[in-house]
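Structural overview for review
Each chain, written out:
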Amino acid sequence: MTDTQTTFTQLTVPQGSFDLLRYPFRTDEKLRAWDAADEYLLEFLGAKLDAISSSKILIMNDGFGTLSVALNAFTPVNFSDSLVSQISARKNLAANGIDDKQVTFLESTAALAGEFDFVLIKVPKTLALLEDQLSRIQANITEKTQIIAAGMVKNLPKKVWKILEKYLGPTTTSLAKKKARMIFATVDKQQKVPPCPYPVLYQLENTEYQICNHANVFSRDSLDIGTRFLLENLPETSAAKDIVDLGCGNGVVGLLLSERFPEAKIHFVDESFMAIDSAKETFKLYLGQKEAGKLLFEGQHQATYHVSDALDDFDKDSADLIVCNPPFHQQHATADKVAMNMFYQSRKVLKTSGELWVIGNRHLNYKHQLKKLFGNVTVVAANTKFVICKASI
Ligand code: SAM
């Protein structure tokens, strides 16, 4: 997959015309890098802002970088939980000949500095993330800050208004345009803002282990049924030294692999900053329990952490075992390309003797996809909903 295979789509808004694409690239991509809510927001701002203004702008959850590119003249801050979204923004800046220093990229778990004149929020799929973000920006907004949340009407449940009012103040709403809406929130500094409820912990069933979950983490309140099935069917024996928990979320899979194979090093990988922070905390708590029970021996239960798009960070032939419960959504859209890229990269990163274990919903038929890349693919477990495949070169 290279940039040259991709055709860009042009967006024309008051800020200019821009060539944009969705990352990861796909030659047969049917979706654009922006939606009608991005357009609506940019048109609205076009009438309000001019390029020489010194307005400080914070952009939250910019899906593929459209807002960051169009508003680059304001040197905005791009605040996101997704490394892939930020990679997409950088690629789109470069494609339009814009220096990526125009935009400050900040991860969702980092502290923000200074006060903002505008906060532009693309409403995220996980509303817990919206809550977490509104809680984090409290010191960076004043009653003069203009806060605009935008989204497609179908992705704006009533709860969005409730969250905005709870953390900011009164709201008004725009008319719908091309099925998109904007919500304007007025900051009321007299209002008492509740403490952020995240991260949360749950105890992993049938164990003593506490699992840490930041706001944007997959299945953050309890164990997902697919993950449970995977945990019940992890490899029994393995001589693996380097094990990758690919798309680790809160790290629960890697934790049980470390429990089973204490001599192995577990590499936690996820594109979400919050997932990696959660996995780190989950593992820290686990090590603390091992230490307290005098079960932590030198050289055992080691781990590394990577905020990475799939296995971008890993060398060829460097892993013995990769275990993966892949995502089948990218932002609001269903997408199999992320899983496919994970399989493709696993093929490169695995040693010749290595194995990739993948769980998926039965209808996704990962076995078929894996067979295109691996010489041996077998089903190790299946139930009415899920199938776990083992693939080797
Ligand atoms: N392993 C965890 C479990 O079973 O509970 C989480 C599985 S969840 C279905 C998929 C995970 O993949 C999410 O944590 C998501 O953030 C991560 N993910 C999505 N796209 C990714 C990418 N391009 N690279 C790495 N991780 C990604």
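Along every chain, residues carry numbers that run from 1 in the direction the sequence is written. This being a predicted model, a pLDDT of at least 70 is required before a residue's local features are given, and a value of 80 or more before pairs of side-chain atoms are given or counted; all residues contribute to the totals for chains, interfaces and linings. Calculated side-chain values reflect all of the structure's heavy atoms, with hydrogen atoms and water omitted.

The next point concerns the domain arrangement of the protein chain. Once the domains are mapped, the protein chain shows domain 1 (3-185) and domain 2 (200-392). Spacing between the C-alpha centres of domain 1 and domain 2 amounts to 31 Å. Any two residues having at least one pair of non-hydrogen atoms within 4.5 Å are treated as being in contact. Taken together, the contact pairs 28 residues of domain 1 with 20 residues of domain 2. The term buried area denotes the loss of accessible surface (1.4 Å probe radius) that occurs when two parts are joined, taken as the sum for both partners. Buried surface at the junction of domain 1 and domain 2, both sides included, amounts to about 2,100 Å², of which 53% is carbon and sulfur. Looking at the side of domain 1 facing domain 2, the largest losses of area belong to D81, L83 and K125, adding up to 27% of the total buried there. Whenever a carboxyl oxygen of Asp or Glu lies within 4 Å of a side-chain nitrogen of Lys or Arg, that contact is scored as a salt bridge. Linking K337 and E29 is a salt bridge whose minimum nitrogen-to-oxygen distance equals 2.4 Å. Counting of polar contacts relies on pairs of N or O atoms within 3.5 Å, with two restrictions inside protein: one atom must be capable of donating a hydrogen and the other of accepting it, and residues adjacent in sequence are counted only when both atoms are side-chain atoms. The interface formed by domain 1 and domain 2 holds 11 residue pairs in polar contact (both at pLDDT 80 or more) in total. Counting only elements with at least two residues in the side of domain 1 that touches domain 2, the list comes to helix 3 (83-95) and helix 4 (127-136). Top element by residues in the side of domain 1 that touches domain 2 is helix 3. It accounts for five residues. Residue classes follow a fixed rule: Ala, Val, Leu, Ile, Met, Phe, Trp, Tyr, Cys and Pro count as nonpolar, while Asp, Glu, Lys and Arg count as charged, and any other residue, Gly among them, counts as polar. Here the residues of the side of domain 1 that touches domain 2 sort into 11 nonpolar, nine polar and eight charged. Domains are outlined according to an automatic or database domain assignment. Labels follow the DSSP assignment, with helices taken as runs of H or I lasting at least four residues and strands as runs of E lasting at least two, numbered in each case from the N terminus.

Let's shift gears to unusual backbone geometry. Here Y23 and P24 are connected by a cis peptide whose omega angle stands at 0°. Topologically, P24 is positioned in the loop between strand 2 (16-20) and helix 1 (36-48). Here Y198 and P199 are connected by a cis peptide whose omega angle stands at 5°. For P199, the position within the fold is in the loop between strand 9 (180-185) and strand 10 (200-203). In the Ramachandran plot, N206 falls in the positive-phi region, its phi being about 60° despite a non-glycine side chain. Checked against the element boundaries, N206 lands in the loop between strand 10 and strand 11 (210-213).

Here, proximity means that at least one heavy atom of the residue falls within 4 Å of the molecule or strand. Around the ligand sit 17 residues, and of these T227, G247, D270, D309 and A310 come closest. In this structure, S308 approaches the ligand through a main-chain N or O atom, which is 3.4 Å from a nitrogen atom. Within the contact set of the ligand, a nitrogen atom lies 2.8 Å away from a side-chain nitrogen or oxygen of D309. Contact with the protein chains removes 89% of the 600 Å² of surface that the ligand exposes when unbound. For the accessible areas, the method is Shrake-Rupley and the probe is 1.4 Å, while residue cover comes only from the protein chains on display.

Glancing now at helix 3. For helix 3, spanning 13 residues, the distance from its first C-alpha to its last is 18 Å, which sits close to the expected 18 Å at 1.5 Å a residue. The buried label goes to any residue with under 20% of its type's maximum accessible area, the exposed label to any with over 50%, and the partly exposed label to all in between, with areas taken from a 1.4 Å probe on protein chains only. For helix 3, the complete set of buried residues consists of L83, V84, S85, Q86, I87, S88, A89, N92 and L93. With a side-chain oxygen lying 3.3 Å from the backbone nitrogen of V84, the N-terminal cap of helix 3 falls on S82. Phi turns positive one or two residues past the end of helix 3, at G97, with a value near 65°. Expected helix span is computed as 1.5 Å times (number of residues minus one).

Right, let's talk about the packing of helix 7 (residues 252-260) against helix 8 (residues 273-292) for a bit. Every angle, taken between N-to-C directions, lies between 0 and 180 degrees, and every axis is a line fitted to C-alpha atoms, over only the stretch in contact when it is a helix. At a minimum axis separation of 10 Å, helix 7 and helix 8 run at an interaxial angle of 30°. Taken together, helix 7 and helix 8 sit at an angle that is classed as roughly parallel. Two packed elements cross with a definite hand, and for helix 7 against helix 8 that hand is right-handed. On helix 8, the residues that touch L255, S258 and E259 of helix 7 are T282, F283, Y286 and K290. Grouping the amino acids of the contact of helix 7 with helix 8 by side-chain chemistry returns three nonpolar, two polar and two charged. Orientation is classified from the angle alone, with under 35 degrees giving roughly parallel, over 145 giving roughly antiparallel, 65 to 115 giving roughly perpendicular, and any other angle giving oblique. Crossings are classed by handedness, with left-handed meaning an anticlockwise turn of the near helix from the far one by less than a right angle and right-handed meaning a clockwise turn.

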